[in-house]
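Results of the structural survey
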Amino acid sequence: MSRFFATGSDSESEESSSGDEITSKAPGTTIKQSLLLSDDEEDTKRVVRSAKDKRFEELTNLIKTIRNAMKIRDMAKCLEEFEQLCRAFLKSKNIVDKEGVPQFYIRLLADLEDYLNQLWEDKEGKKKMNKNNAKALSTLRQKIRKYNRDFETEIASYKENPQESADEEEEKEQEDSGSSSESDDDAGEEVSAKSFLKKKPEGASEASKFLKTAKGSGDESSSSDEDDDDDEDWGGDSEESGSESSDDEEGKGKSLATAFLKKVSSTDKSGMKKAEKRKKQKKERAGELQEGEGVEDGEGPWEKVKGGVPLVKEKPKMFAKGTEINVPVVVKKLNEILQARGKKGTDRAAQIDLLHALAAIAAENNLGQGIMVKIKFNIIASLYDYNPNLAAFMKADMWKKCLDCIDELLDILFEHNNIFIGENIAEDSENLIISDQPFRVRGCVLTLVERMDEEFTKIMQNTDPHSQEYVDNLKDEGRVCGIIDRLLSYLENKGSTEEICRVYLRRIMHTYYKFDYKAHRRSLGLQGETKSEQDQEESEAEDSAIIMDRLCKFIYAKDRTDRIRTCAILCHIYHHALHSRWYQARDLMLMSHLQDNIQHADPPVQILYNRTMVQLGICAFRQGMIKDAHNALLDIQSSGRAKELLGQGLLMRNMQERNAEQEKIEKRRQVPFHMHINLELLECVYLVSAMLLEIPYMAAHEFDARRRMISKQFHHQLRVGERQPLLGPPESMREHVVAASKAMKMGDWRTCHSFIINEKMNSKVWDLFPETQRVREMLVRKIQEESLRTYLFTYSSVYDSISMETLSEMFELEIPTVHSIISKMIINEELMASLDQPTQTVVMHRTEPTSLQNMALQLAEKLGSLVENNERIFDLKQGVYGGYFNRDQKGGYQQKQPYQRDQKGGYQQKQGGYQRGGYRNQNQSNY
Amino acid sequence: KASRWQKNGGKVMFAFSFPLLSQVVLKIIKHYQEEGQGSEVVQGVLLGLVVEDRLEITNCFPFPQHTEDDADFDEVQYQMEMMRSLRHVNIDHLHVGWYQSTYYGSFVSRALLDSQFSYQHAIEESVVLIYDPIKTAQGSLSLKAYRLTPKLMEICKEKDFTPEGLKKASVGFENMFEEVPIVIKNSHLINVLLWELEDKSTVSDKHELLNLSSSNHLEKSLQLLMDRVDDLNQDIVKYNTYSRNLSKQQQQKHQYLQRRQQENAQRQSRGEPPLPEEDISKLFKPPQAPPRMDTLLIAGQINNYCQNVKEFTSQNLGKLFMAEALQGHN
């Protein structure tokens, strides 16, 4: 059965591969046909067989499509084609009457009916069918039943002796396909070409020769100076192939179809099957080639050969032996290679190799640096082209190749001062020939390097950060930096300011996130441990800070695009913050006014901004400016999306909100792992600063209705901690902070201290700072001070007076510090007390309102707003009905109002007096 | 029978014709002490009969507390069973209302309104007894009987809680419920016993009345009061937006009509037929009015709290003066 499903074109190539002797020859003929056969030969044949064949050809074509549709179970298509077939059959009624119903037609009808019945039985399959198909199936089944009634006898006879009729049929079919392949049927030709190409392994030498000539002839069309020796080749080959296919031609001379048919019908079935299998394998192999040909299909067989250029790359015969290799020739060749660029079928790897070969030839012949530079440019460009998809990243080895190329290019550029390159140099105004004039080459190194840098980032993004591979890749960063440095020095001499700005920014981007340990050590006055290290230090030209400063200032002064300047500022701030130069960093941030308009920037810049803010916050924390640290981190942390905002990973939560496309874009924005900011450190810094601010505030405003949360996230953590049914010793960083907060609430600074600074937290967080010890000392100090404040807020009501000495002992702070803290609290009216100097005690005033009084105050406030709201309703009513109501009422209301206002005023006055009498003024409180 | 009772102003009395010592009151108190704690509420059924112009409540039984486990518990079934059993032992078994405990006087709620409405709808003489255990614990028995006013009954029947409906019915928070005076009656024998007990009891037993600490109670009341004020505030804001929307729409409607009129006038002058009439109410759908019943209830509750606080503070002030006088005397 499967044999019957074979398509016409299949059966044609089937035939061609059915016997070994034939396989080697038949395609040869076909391709020769297209190549060599003169037109008139074909024409005559067509004329002779027109009347009958034309109709039958139409029918067979339709049958072919039906069989195809049957194979893929496309019932809708089947039905459509069948209807067409019926119509076509009616048209050819005359011929049919003369000749009798053709066997292949009967065969199709019988097969189709069988097939449909089979499908009909197959309940499972029917269920799976889509609605369209199922409908088409039932219609078609009915139709064919009705239709077949007319051919009952024929079908019966066919069924009796299917073999015979099949053979007979096949004859016809082949005859048809033969004719169709002869006529300008593209499909047939393509197949034959395919089979020719895939045949290559068998008759390798022959094929390659053939190909070579073909290629040569391709060259012929482009380069005129190799005519003679190509012609020779060509002639020889045509002879060869001619002899090979001699008997075929003979057959064709008489009756091409019958010559084939005899052989085919004589081959037994098993042979055919085998051949079929073999053919399939070949087909697969040919698939790749076919791809290449597909593109140039329309341009005829010549083009196809040209697409096959990569095949001969083993022995690149760029130029004919005798050719004088000079610049124009090479340029021509180069352009020729480049023309294939971007085309679908071009083998990109081969192209790169070709370019390399060309470069080698150019170097061999000393064609001058101009041409070398040009070729190099193109090599790099085609390396970038290797990945058709922008999203995909380059293979590491490709990228390294690219790196080498750029290095070489820069070498050339450095060595030869007389090369001008630029994007604006037109193709025709290039000067590549060695002469007194300087070389002029079109191209832009900067763009190439930028692209290279981007590819590097992409590679880093796509490598698993915890693998050895990542480390290996990261080692290349040095090379990248080296190249950028070289380019920088090159451009400083030659480039425009714009270009310099761009390359500076690249340099900055590679510098800003690195902590300069050497400068740090130097600033601490430490000497390197070993002599060699010291040498190294001395040999180190400048601190990264100085470099950053120089580069950034240049950009500030010269840059005209906003984006580069913004990036430079942010990097500069980041770098300052990283090296604990808090005031410079802050001033720069404030002066740049970036906070006002950063929301208009593009996402990568925003990510950079977020990173900078975070680094700034961490810097402030290290300096002990808790409030600044908290404010800087608030935006990032409060959203709970720090990871996303810093470009350090995507949140799973958002998966359903974005589609695959968006996800890809977002992935491309990610910051490579080695530039990440430790998120746990970030959160810890934030939570600890929130704790230091919030706990005293909470203690101070325990009964205040208008109390606001300073940090929502911190409160959230506290609540999570409270919800725990069983409180074990803290495990995670958050739990530590929560536990510490609880201790601080009681003014127990020692416990708080032990929760914040211990082995676990050291290894998790604090050791990540460059100046660990200093940060820890600062932190202890802060904890002591804030605990003292909290203690005073919480327990001042139980004291009449308290000695500062006791306090200083309790919190291990010096008396002057305690004194200053308490004084500050008194000044800020946070603590209602006074200092008694002679006895060094704090005397409490006990003016805090009781909880009942507090409550009453709150109630009064609420009632105030209630009254206000109520009045508003009344106003509205007046507005609506104002015209209709009598004035008395209105007047009355208005008269009443002053009274109410008086009352309110009185209340407020009273409250004011109350406050002056010693109550804490909420507005004046610290936060 | 019931109507006559209604006409006479509906006096509720507890009559105990049998030696059941203040049975109902004690039963309610006991019920709370056994089952209710804190802000939890206990409820039960009052039984009795209407005698002339009095409603005599002679007995009661509690609703069983039910947990989530027995969700399929049938309360009605239980009540019927209970009443049948009581009938068997020849006790008054007529359903005349229900009782409920309260927490710092917070009982004016939608739930109470609904159930009291359904009671009063079915059995006209129904009352709800509110028992305040906290006040009782402080030394003075607090029992109050409430009924819905006829006006409110009317509104509830129509389920018309829109601002207009309430305005038409002129129901304010002060005339939602009417309090019915209570007289607790004991049999003579019990009275005699009480007299005797009073003679025997020492002064210290009554000390609770003189407790001077007030802040706790006041704080709680204030807290509750504040919550209610917040709620009321929200409702007012809601109402405010509603009326603003309404007036805006009125204006639009007005403008639209005017424009229409002008156009028609123009058309008339040109001799064209006037524009066809359109349904304006379709064009301008009035915004959904917020239901006002809850606001009313909240206002009633606030009123209740205020009364409570006022009572409490005046009592306490009295106590404080007394204490001061005592101090001075000593």
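Residues numbered from 1 in each chain as written. Chains lettered and ligands numbered in written order. Predicted model: local features only at pLDDT ≥ 70, side-chain atom pairs only at ≥ 80, totals over all residues. Heavy atoms only, no water.

1. Structural notes on the nonpolar core
A general feature of soluble globular proteins is that nonpolar side chains tend to end up buried together. Residues and elements named next belong to chain A. Here is the rule: In this text, buried Ala, Val, Leu, Ile, Met, Phe, Trp, Tyr and Cys residues form a nonpolar core when linked through side-chain atoms within 4.5 Å. We call a residue buried when its accessible area falls under 20% of the maximum for its residue type, exposed when it is over 50%, and partly exposed in between, using a 1.4 Å probe and counting protein chains only. Secondary structure follows DSSP: runs of H or I at least 4 residues long count as helices, runs of E at least 2 residues long count as strands, and numbering of each begins at the N terminus. The contact rule is simple, with two residues in contact once any of their heavy atoms fall within 4.5 Å.
Core analysis: the largest hydrophobic core is formed by 158 residues, its most contacted members being Met452, Phe621, Met691, Ile756 and Trp766. The element contributing the most residues to this core is helix α36 (residues 679–700), with 15 residues. Contacts of methionine 452, omitting those with residues within four sequence positions, involve Tyr384, Trp399, Cys402, Leu403, Ile406, Val480 and Ile483. In terms of nonpolar packing, the next biggest core, distinct from the first, is built from 36 residues, Met75, Leu79, Phe89 and Met129 among them.

2. Looking at the pairing of strand β5 (residues 841–844) of chain A
Residue and element names in this part refer to chain A. What counts here: Two strands form a pair only when DSSP identifies at least two bridges running between them.
Note that strand β3 (residues 801–803) and β5 share 3 bridges and pair antiparallel. Residue pairing for β5: serine 803 is matched across the bridge by threonine 841. Alignment of strand β4 (residues 833–836) against β5, held across 4 bridges, turns out to be antiparallel. Across the sheet, serine 834 pairs through a bridge with valine 843, a residue of β5. In sequence, β4 turns back onto β5 through a hairpin of 4 residues, with glutamine 840 there showing a positive phi of about 55 degrees.

3. Observations regarding the interface of chain B and chain A
When the parts come together, some accessible area is lost, and that loss is often what is quoted as the size of the interface. The following threshold applies: The buried area of a pairing is the accessible area, by a 1.4 Å probe, that goes missing from both parts when the two are put together, added over both. Whenever a carboxyl oxygen of Asp or Glu lies within 4 Å of a side-chain nitrogen of Lys or Arg, that contact is scored as a salt bridge. The nonpolar class holds Ala, Val, Leu, Ile, Met, Phe, Trp, Tyr, Cys and Pro. Asp, Glu, Lys and Arg form the charged class, and all remaining residues, Gly among them, are polar.
Listed by partner, the interface residues are 18 residues for chain B and 17 residues for chain A. For the chain B and chain A pair, buried surface summed over both sides reaches about 1700 Å², with 72% attributable to carbon and sulfur atoms. Our count for the chain B to chain A interface comes out at 1 salt bridge. When the shortest N-O distance is used, the salt bridge between B:Asp230 and A:Lys862 registers 3.0 Å. In terms of residue class, the side of chain B that touches chain A is made up of 9 nonpolar, 6 polar and 3 charged.

4. Topic: helix α23 (residues 445–462) of chain A
Spelled out, the test is: Helices are assigned an expected span. That span is 1.5 Å times one less than the residue count.
Compared with an ideal rise of 1.5 Å per residue, which puts 18 residues at 26 Å, α23(A) spans 25 Å between its outermost C-alpha atoms and is within 8% of the ideal. All of the buried residues along α23(A) are A:Val445, A:Leu446, A:Leu448, A:Val449, A:Glu450, A:Met452, A:Asp453, A:Glu455, A:Phe456, A:Lys458, A:Ile459 and A:Met460.

5. Remarks on the side chain of A:Ser741
Residue and element names in this part refer to chain A. This is how it is decided: The definition of a polar contact used here is a pair of N or O atoms within 3.5 Å, where within protein one atom must be able to donate a hydrogen and the other to accept one, and adjacent residues in sequence count solely through side-chain atom pairs.
Relative to the helices and strands, serine 741 is located in helix α38 (residues 733–745). Classification of serine 741 as buried rests on a relative accessible area of 0%. At a separation of 2.8 Å, a polar atom in the side chain of serine 741 contacts the main-chain carbonyl oxygen of valine 737. Apart from residues no more than four positions distant in its own chain, serine 741 is found in contact with Met691, Ile695, Phe714 and Leu718.

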